[in-house]
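# Coordinates in review
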Amino acid sequence: MYQTRYLRAADVADAAARLDDDAKLLAGGMTLLPTMKQRLASPEVLVDLADCGLVGIEDTGDAIKIGAMTRHADVERSEIVRQAIPGLAALASRIGDRQVRNRGTIGGSLANNDPSACYPAAALALSATIHTNTRDIEADDYFLGMFETALEENEIILAVSFPKPEAAAYAKFPNPASRYAIAGVFVARTGNGVHVAVTGAGDDGVFRHAAMEAVLNISFTPAALDDVEISSDEMISDIHADADYRAALVKEMAKRAVIACGE
Amino acid sequence: MVKICLTVNGASVNDEVPDNMLLVDFIRERLKLTGTHVGCDTSQCGACVIHLDGESIKSCSMLAAMADGKSITTIEGIADGDKLHPMQEAFHQNHGLQCGFCTSGMVMSAIELVANNPDASEQQIREGLEGNICRCTGYHNIVKSVQAAAQVMSGR
């Protein structure tokens, strides 16, 4: 890792004031530090958000609001999340491994928007709102492509609100070594119909699958997906799986998620 | 350079470290506690697992500066004088190691696993140790060791 200057922000305002071209926010560090160790990133300043009071899970009535620095392990174990959106707690419980879950945060995951990460699928399918220090961003406007988000340079995620769905579930076909999604599908029955968000498979990051949503709105059954064509255009081909295999996995994971919604 | 103050295996430690020093390097090079190992460059192998405020974390993926104000426990800190921790004893009795390189990380992960889930099934143990890779044993005796330790740790 190249030299850097580490500092802990006293609060969000302090953190925002320190953000410029040469600084990066540090949350759990589960992506940023390995990246820096490989010298793929070399921020001159690391601004640690640990002391900014961004941890917590709250039931706001219509939604579950999760602080940006809340760890995956905390979401996994939260009675509030388990009651209201068990599919979200289950998703958190299968991110990475135990040690990653003890450090990694939801804010870090969403800010990074890794095309194979799990939380972006949940946020998109549940129509989450990303609350920053300057505004609220709806999920549909937030994910702009692989590793690209709507966040501006000085913008810090404070919390994420997930409206409570009628039912929701996530099915992931994990890479056996990294446990990132080779294909992950989050299905939610919301007040606005069925949402189906796909991660791990698309070459431009997480996306909603309109055709699957359309058939599931008519018949919410795995069989309804049989005749949906999942195009392998714009899907990732790599050493783990080619685009056709990913397309097949997407359909299978979608079916499993639909089944899990009924449980 | 950044000043840090933390508790290590129950004792208070003060030092000044480079901002980019990894916690695992601080533990091994500054504190000379070399039971914690560096096994990969990709944060996947778990040879570096220690406890931070009672929870298992990968010390290769944390800066020493981030541990300021925290309490860490390494493999050197879990025995009670000459009396091995039940997890260590179980790995010994059940041939849960060969070369030993992954073992300190396995033991630290397994201690947390059993503390959180004393009745962990074999499947839960295998999944719970996803963050620890072993090249020697094929995991079978590691799982047996953890099961044996769970019995002792829950007083059965």
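Note that the coordinates shown come from a computational prediction; the quantities given were computed from them, not determined experimentally. (Residues numbered from 1 in each chain as written. Chains lettered and ligands numbered in written order. Predicted model: local features only at pLDDT ≥ 70, side-chain atom pairs only at ≥ 80, totals over all residues.)

### Considerations on the packing of helix α2 (residues 86-93) of chain B against helix α3 (residues 103-116) of chain B
Residue and element names in this part refer to chain B.
- Running from N to C, α2 and α3 point in directions that differ by 125 degrees, and their axes come no closer than 10 Å. Considered as vectors, α2 and α3 are oriented oblique to each other. In this structure, α2 meets α3 at a crossing whose hand is right-handed. Residues Met87, Gln88 and Phe91 of α2 pack against Thr103, Val107, Ala110 and Ile111 of α3.
- In terms of residue class, the contact of α2 with α3 is made up of five nonpolar, two polar and no charged. (Axes fitted to C-alpha atoms, helices over the stretch in contact; angles between N-to-C directions. Helix = DSSP H or I, 4+ residues; strand = E, 2+ residues; numbered from the N terminus. Parallel < 35°, antiparallel > 145°, perpendicular 65-115°, else oblique. Left-handed = near helix turned anticlockwise from the far one by under 90°. Contact = placed C-beta atoms within 7 Å. Nonpolar A, V, L, I, M, F, W, Y, C, P; charged D, E, K, R; others polar.)

### Considering the sheet that holds strand β11 (residues 167-174) of chain A
All names here are of chain A.
- The strand order β11-β12-β13-β14 describes an open sheet built from four strands, whose pairing is antiparallel. Of all the strands in the sheet, the pair left with one neighbour each is β11 and β14 (207-208).
- In the sheet, strand β12 (residues 181-190) pairs with strand β13 (residues 193-199) via seven bridges, with the strands oriented antiparallel. Bridging across to β13, glycine 184 finds its partner in threonine 199.
- Each of β11, β12 and β13 is contacted by helix α11 (residues 243-261), which is oriented at about 40 degrees to β12, the strand it contacts most. (Pairing = 2+ DSSP bridges.)

### Regarding the sheet that holds strand β2 (residues 11-17) of chain B
Residue and element names in this part refer to chain B.
- Spatially, five strands are ordered β2-β1-β5-β3-β4 in an open sheet, and the strand pairing comes out mixed. The sheet is open, and its two edges are formed by β2 and β4 (55-58), each paired on a single side. On average, each strand axis in the sheet is tilted by 40 degrees relative to the strand beside it, whichever way the strands run.
- As paired elements, strand β1 (residues 2-8) and strand β5 (residues 71-73) share two bridges and run parallel to each other. Paired with threonine 7 across the bridge in β5 is serine 71.
- Taken strand by strand, α3 contacts β3 (49-52) and β4, and its axis lies near 40 degrees from that of β3.

### Regarding the domain arrangement of chain B
All names here are of chain B.
- Assigned domains of chain B: these are domain 1 (2-77) and domain 2 (86-153).
- Look at where the C-alpha atoms of domain 1 and domain 2 centre, and you get two points 21 Å apart.
- Counting from both sides, the interface comprises 15 residues of domain 1 and, opposite them, 11 residues of domain 2.
- Contributing elements (two or more residues each) for the side of domain 1 that touches domain 2: β3 and β4.
- When residues in the side of domain 1 that touches domain 2 are grouped by element, the largest group, three residues, is from β3.
- Tallied by class, residues from the side of domain 1 that touches domain 2 come to six nonpolar, eight polar and one charged. (Domains from an automatic or database assignment.)

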